[in-house]
Amino acid sequence: MTSTSFTVTPWEVKGEIDYEKIIKEFGVKRIDEPLMHRLSKLAPLHLFLRRKLFFAHRDLDVVLDEHEKGRKVVLYTGRGPSGHTHLGHLVPWIFTRWLQKAFKAKLYFQMTDDEKFLVKDLSLEQTTNYAKENALDLIALGFEPHDTKIIYDTEHIRELYPFALKIAKRTTFSTAKAVFGFDNSTNIGLSFFPALQAAVAFYAQQQVGMAGGEKAADAGKNVQCLIPCAIDQDPYWRIARDAAPYLGYQKPATILSKFLPGLSGPAGKMSASDAANAIYTTDKPEDARKKVMRAFTGGQPTIDEQRKKGGNPDICTVCQWLNLLFEEDDDVMQQRLKDYRAGKILDGENKKYLADKVVAFLEEHQRKREKARDVIEKYSLTA
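In this text, all values refer to a predicted model and were calculated from it rather than measured experimentally.

### Here's the deal with the environment of aspartate 331
1) Next: Tracing the backbone through its elements, the reader meets aspartate 331 in helix H15 (residues 330-341).
2) Next: For aspartate 331, a relative accessible area of 64% puts it in the exposed group.
3) Next: Spatially, the C-alpha atoms of aspartate 331 and glutamate 68 are 32 Å apart, while their sequence positions differ by 263 residues.

### Focus: the side chain of arginine 79
1) Next: Residue placement: arginine 79 occurs in strand S5 (residues 73-79).
2) Next: Here arginine 79 occupies a buried position and makes no salt bridge, while the nearest side chain of opposite charge, aspartate 137, is found at 7.4 Å.

### Brief notes about the state of the cysteines
1) Next: Counting across every chain of the model gives zero disulfides.
2) Next: With no disulfide partner, cysteine 316 has as its closest neighbouring cysteine sulfur the one in cysteine 319, 3.7 Å distant.

### Some words on the pairing of strand S7 (residues 148-152)
1) Next: With five of five residues buried, S7 is to be regarded as a mostly interior element.
2) Next: Side-chain alternation along S7 places Thr148, Ile150 and Tyr152 on one buried face and Lys149 and Ile151 on a second face that is also buried.

### Regarding the packing of aromatic side chains
1) Next: Within this structure, the stated rule accounts for 17 aromatic pairs.
2) Next: Where tryptophan 93 meets phenylalanine 109, the ring centres are 5.2 Å apart and the plane angle is 90°; that geometry is what we call edge-to-face. You can see tryptophan 93 sitting in helix H5 (residues 87-103) and its partner phenylalanine 109 sitting in strand S6 (residues 106-111), a full 16 residues away along the chain. Taken individually, tryptophan 93 and phenylalanine 109 each receive the classification buried, so the pair is uniform in this respect.
3) Next: For the ring pair phenylalanine 95 and tryptophan 98, a centre distance of 5.5 Å and an interplane angle of 15° mean the geometry is stacked. Separated by three residues within a single helix, phenylalanine 95 and tryptophan 98 lie in helix H5, roughly one turn from each other.
4) Next: Members of the aromatic cluster, joined through ring pairs, are Tyr76, Phe180, Phe182, Phe193, Tyr236 and Trp237.
5) Next: Between arginine 97 and the ring centre of phenylalanine 143, over which it is positioned, the NZ or CZ distance is 5.6 Å.

### Quick look at the side chain of arginine 58
1) Next: Looking at the secondary structure, you find arginine 58 in strand S4 (residues 54-58).
2) Next: A distance of 2.6 Å separates the side chain of arginine 58 from the backbone oxygen of phenylalanine 26, its partner in a polar contact.
3) Next: Once residues within four sequence positions are removed from consideration, arginine 58 is found in contact with Phe26, Gly27, Val28, Asp234, Arg238, Arg241, Ala253 and Thr254.

### Re helix H7 (residues 124-140)
1) Next: In this model H7 runs 25 Å from its N-terminal to its C-terminal C-alpha over 17 residues, within 8% of the 24 Å that 1.5 Å per residue would give.
2) Next: Within H7, the full set of buried residues consists of Thr127, Ala131, Asn134, Ala135, Leu136, Asp137, Leu138, Ile139 and Ala140.
3) Next: Phi turns positive, to about 105°, at glycine 142, one or two residues after H7.

Rules of the game
- Residues numbered from 1 in each chain as written.
- Predicted model: local features only at pLDDT ≥ 70, side-chain atom pairs only at ≥ 80, totals over all residues.
- Heavy atoms only, no water.
- Helix = DSSP H or I, 4+ residues; strand = E, 2+ residues; numbered from the N terminus.
- Buried < 20%, exposed > 50% of the residue type's maximum accessible area, 1.4 Å probe, protein only.
- Lys, Arg positive; Asp, Glu negative; His and termini not counted.
- Salt bridge = Lys/Arg side-chain N within 4 Å of Asp/Glu carboxyl O.
- Disulfide = S-S within 2.5 Å.
- Phe/Tyr/Trp six-rings, centres within 6.5 Å; stacked < 30°, edge-to-face > 60°.
- Lys NZ or Arg CZ within 6 Å of the ring centre and 35° of its normal.
- Polar contact = N/O pair within 3.5 Å; in protein donor to acceptor, adjacent residues only side chain to side chain.
- Contact = heavy atoms within 4.5 Å.
- Expected span 1.5 Å × (residues − 1).

Written as structure tokens, this is what we have:
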């Protein structure tokens, strides 16, 4: 989606994003209170739901209907590796772990090591190496190998290709152009890629069906696939949902998140290509602290003015990071926002509070990340 003020596509996000406009233009539904209530019956609501970071969906209500009838649910998400993982990338993964526990579901995680080779100035060796490095971050979040399988496109193409072919045959180039904005300069690899990304949804449904003892001909056709991801990935699932009836599977459902803003301000999202604007899981903790201390805030030019006029948490990156990711306690967060608006909390204090939390997270995550090197092969699809 491209408007005069912002752009949201699978390969580019920039500008000040109007999520209300996205809901209307993409044709997704807002996660309303009745749906939140149903989710709360699965497990205590995750921070990302309570703070509206995950805000929209396609057919989440259908997944809950079928789950309540005893039908199986499988989860699918992924990453297009073009560099090291940053904190914004972790948002859907952290939430996926909550969903996995809530639904007691298996996760198929796709590392599209081919996609960023096609769209960026990166070698295939670089993207495949980044895929393995990014996988360490997934494992460090607490996923277990018995219910989590990582698919590397270049390694596991044999498993995906039959599904991708069937999707490609049902998807016209006219549709792909309309959904993704392809033109005459688009390489033919990228024009086929959406079929490969959509393929995992149906592969996952089939695998869960077969594990449940369904006959090969019917395997997975009653399994619900739920995809947690950021809203910029929505075009892929339109292709998958259109193809589902022809392949005989249930339409994949989605639960969609907003973007974690970059450190330099509220416009767009954190970018993997802008080191000063993002905090990577591989950053040294003290380097991350320095980045936070330079972050964009909603404060006034001077301390005196801020004490008198207060700050604006709506445009403050520090407040948003605390609210969306790092301050779990709702009462504490609401009081901090109130105090920031009233000028009782200054930007330096606020930054230090966030920096301490970021450093603590990175230190723990990096310990787990290093341990993941010893077990990464257990998560491979074909392990």
